[in-house]
Structure formats: C-alpha cells, structure tokens
Amino acid sequence: MSFPASASAPPPPRAVEADAGLDWAGCPLCGQGETRPRQFRFAPHAVVRCAGCGLWYLRPRLPEPSMLERYRTASYFAGPGAGYSNYEAQEATLRRTFRSFLRELDRRGSLHGRLLEVGCAYGYFLEEARRYFSVRVGTDFSPEALAKAAPAADRVVLGGLADLRPGELFEFAAVIHVIEHIYEPVRFLEELRLRLVPGGRVLVATPDFGSLWRHLLGRRWPFFKVPEHVAFFDRATLPALLRRAGFEAPVPLAYPSLFPLGLVAEKVGLRLGGALHGWPVWIPATSIAFSARNPDARPL
C-alpha cells in the first residue's frame, strides 16, 4: 500500500518522462538524483542506489496516482498478477508472526493506549493487538480490505493520514511492510509523528535489503516486488529515515517471520502441492524493524 503525505512540505525533486508516463524522481530519502553504477533491471524499471545516502530505490517508477488505483482495486489482495495471489491464505502465519512480535514489544514496555496501524490490510495485526491497546484504528486504501479489518478494530479509515480525525493522537503507530510502498517516506513519517503524543512510539518493519537472502537470491529476491515497492531499506538507511523525519533513538528489533512453505516455494519459482503447501516455516532475517520515539507533538 502506498500512503502519500499531505501537502504540508514541498516534495523532493521530481520529473516525469512524458512519453513513457514514468516518474523519474530522485532518492526518496535524501532527494539526490545521482546514482551509483550498479543496478538491478526490471524493464522498464530499475532498482538503483543513491550516490549520496546509499538507499536503493526504484527508478523510474509508476506515477503515484497509478499505484494508488492498483491498491484500491478489489483484486489487489487476491488475484493473478496482483499485489498478493491470496493474502487470506497467509492469515495463520501472519497472526503467529504478529503475536510473537507483540510479545517482544510488550516485554519492552512499548504497548499501551491508542494504536494506529497504517496499511492495516485485513486487520490481522489489529486483532492480535487487542489485548494491549485501549483503542485500535487502522487505515488502508482498499475498501475490500477494510471491510474484513473492521471487526478487528474500533474504527477503520479509508485513505491515509490526512483522512484521520482532526487532532486525533495516538501513543503507538505501526507501519508494517508499508514504508517500502511510500513515495515520499520522509514527509509521511513527519506527518505520522504529528499524530503521536509526546513520547509516543512508531514501529516500522520492512523487508531487509541488506539480508543474506537478498544477496543469495539476487534479482530473484521476492521483495523486489516491482513496481509497487519503490524504496528498499537496510539497517543503515531505515534508522536514518526515522531520524530525518524527526524521531529520536531508533532501536532495532528482531522480527522473525513465519511463512507457508508453499508461498516460499512460489517466490523462488517452485510449485509445491499437498499438505506441505501450508506447512509453516520460520525464516529469520527476512525483515528489519525499528522502533523510535516522538520527542514532541506540535499542534495540528
């Protein structure tokens, strides 16, 4: 899901190639346009590395309105060639992943008060978080996803941060496998920070571009997911993003993930049938997660 920020700050440098209809924006983290020579090509797109801050990102990419239309379609979470071939088939493994992660966060004393999840999809994280928060609100651009998420939340919101209630604040915000979709991640997190109380915390989890899996699989790494993933973070660039958006003291968190074995096979080009298809498998180090603190909260 891509979640554009509102127009509270000027966007980074951007150019759109008219004949191809593609967006040739510079680095989403620092705005620099110069890239290093090495890249991964997925014609007409490429994943390139910023020569300034080192972030890998998609260039060119589809214009953001085109991606938003994809996220709004009924087939995005279940359909051939869509974002997910069958998101609902991952429910059991996603819930177990979220339960494990929430227990870890609870041990650190991070969970209390009001929760905002941006990009809540079918609401599995919101449901697993029920015991930890007094209020749970989720946003998404897919009406179909929100219809499934509604029973898991106190409220669901169609859209992004700009569609929340004016002045509404939270103690905790979760951005799980969403930041890689966002075209202007600095502005997005700046605006999310304004939705947190002083001392409130944000959690950002995303595929780890620096992982051993990415190095082993090369361009077959399943999280390239072109054209919807537009930024690829690692253990250096993700905390740098949080600091640039005004958060303080980013803390790394372990984020082991459980996947159906059939999905793992599918992502590397294999077909697996029978009982093994749904067999759950813990795979470490596929994602990274950081939690960071909001040092202040200016009035909206």
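Residues numbered from 1 in each chain as written. Predicted model: local features only at pLDDT ≥ 70, side-chain atom pairs only at ≥ 80, totals over all residues. Heavy atoms only, no water.

## Observations regarding helix H2 (residues 91–107)
Phase 1 of the analysis: The end-to-end C-alpha distance of H2 is 24 Å, a good match for the 24 Å that 17 residues give at a rise of 1.5 Å each.
Phase 2 of the analysis: Listed in full, the buried residues belonging to H2 are Thr93, Leu94, Arg95, Thr97, Phe98, Phe101, Leu102 and Leu105.
Phase 3 of the analysis: Residue Gly109 follows H2 closely and has a positive phi angle near 75°. (Helix = DSSP H or I, 4+ residues; strand = E, 2+ residues; numbered from the N terminus. Expected span 1.5 Å × (residues − 1). Buried < 20%, exposed > 50% of the residue type's maximum accessible area, 1.4 Å probe, protein only.)

## Some points on the sheet that holds strand S6 (residues 114–118)
Phase 1 of the analysis: The strand order across the open sheet formed by seven strands is S8-S7-S6-S9-S10-S15-S12, and the pairing between neighbours is mixed. Either end of the sheet is taken by a strand with one partner, and the two such strands are strand S8 (155–158) and strand S12 (248–253). Along the sheet, successive strands turn relative to each other by an average axial angle of 20°, direction set aside.
Phase 2 of the analysis: Packed on one face of the sheet, helix H7 (residues 237–244) meets strand S10 (196–207), S12 and strand S15 (287–293) and runs near 25° to S15. (Pairing = 2+ DSSP bridges. Axes fitted to C-alpha atoms, helices over the stretch in contact; angles between N-to-C directions. Contact = heavy atoms within 4.5 Å.)

## Focus on the pattern of salt bridges
Phase 1 of the analysis: In this structure the tally under the stated criterion is 15 salt bridges.
Phase 2 of the analysis: Linking Arg108 and Glu104 is a salt bridge whose minimum nitrogen-to-oxygen distance equals 3.0 Å.
Phase 3 of the analysis: According to the relative accessible area criterion, Arg108 is partly exposed, its value standing at 43%.
Phase 4 of the analysis: On the basis of relative accessible area, Glu104 is assigned to the partly exposed category, the value being 22%.
Phase 5 of the analysis: Close ionic contact of Lys225 with Glu228 constitutes a salt bridge, the shortest N to O distance being 3.8 Å. For the pair shown, Lys225 and Glu228 are each scored as buried.
Phase 6 of the analysis: Taken together, the shared-partner salt bridges connect Glu91, Arg95, Arg99 and Glu128 into one network. (Salt bridge = Lys/Arg side-chain N within 4 Å of Asp/Glu carboxyl O.)

## As for the environment of Ala240
Phase 1 of the analysis: By secondary structure assignment, the location of Ala240 is in helix H7.
Phase 2 of the analysis: For the pair formed by Ala240 and Cys53, sequence separation is 187 residues and the distance between their alpha carbons is 9.0 Å.

## Regarding H7
For an α-helix the count is 3.6 residues per turn, leaving residues at separations of three or four pointing the same way.
Phase 1 of the analysis: Buried within H7 are the following residues: Thr237, Leu238, Pro239, Leu241 and Leu242.
Phase 2 of the analysis: A positive phi of about 100° marks Gly246, the residue just after H7.

## A closer look at the environment of Pro63
Phase 1 of the analysis: Turning to its location among the elements, Pro63 is positioned in the loop between strand S5 (56–58) and helix H1 (64–72).
Phase 2 of the analysis: Among all residues touching Pro63, those that are not within four sequence positions of it are Gly21, Leu22, Asp23 and Tyr183.

## Quick look at the side chain of Ser287
Phase 1 of the analysis: Take Ser287: it is sitting in strand S15.
Phase 2 of the analysis: By relative accessible area, Ser287 is classed as buried at 3%.
Phase 3 of the analysis: There is a polar contact of 2.8 Å between the side chain of Ser287 and the side chain of His177.
Phase 4 of the analysis: Excluding residues within four positions of it along the chain, Ser287 makes contact with His177, Thr206, Pro207, Asp208, Tyr255 and Ser257. (Polar contact = N/O pair within 3.5 Å; in protein donor to acceptor, adjacent residues only side chain to side chain.)

## Considerations on the sheet that holds S5
Phase 1 of the analysis: With antiparallel pairing, four strands are arranged side by side in an open sheet as S3-S4-S5-S11. Every other strand in the sheet has two partners, leaving strand S3 (35–42) and strand S11 (231–232) as the edge strands with one partner each.
Phase 2 of the analysis: Relative to strand S4 (residues 45–50), S3 runs antiparallel, the two being bridged by five bridges. Bridge pairing links Gln39 to Val48 in S4.

## Things to note about the packing of helix H5 (residues 185–193) against H7
Phase 1 of the analysis: For the pair H5 and H7, interaxial distance at closest approach is 8 Å and the crossing angle is 55°. Overall, the two elements H5 and H7 adopt an arrangement that is oblique. Our pair here, H5 against H7, has a crossing hand that is right-handed. Where H5 abuts H7, its residues Pro185, Val186, Leu189 and Glu190 lie against Leu241, Leu242 and Arg244.
Phase 2 of the analysis: Looking at the contact of H5 with H7, its residues break down into five nonpolar, no polar and two charged. (Parallel < 35°, antiparallel > 145°, perpendicular 65-115°, else oblique. Left-handed = near helix turned anticlockwise from the far one by under 90°. Nonpolar A, V, L, I, M, F, W, Y, C, P; charged D, E, K, R; others polar.)

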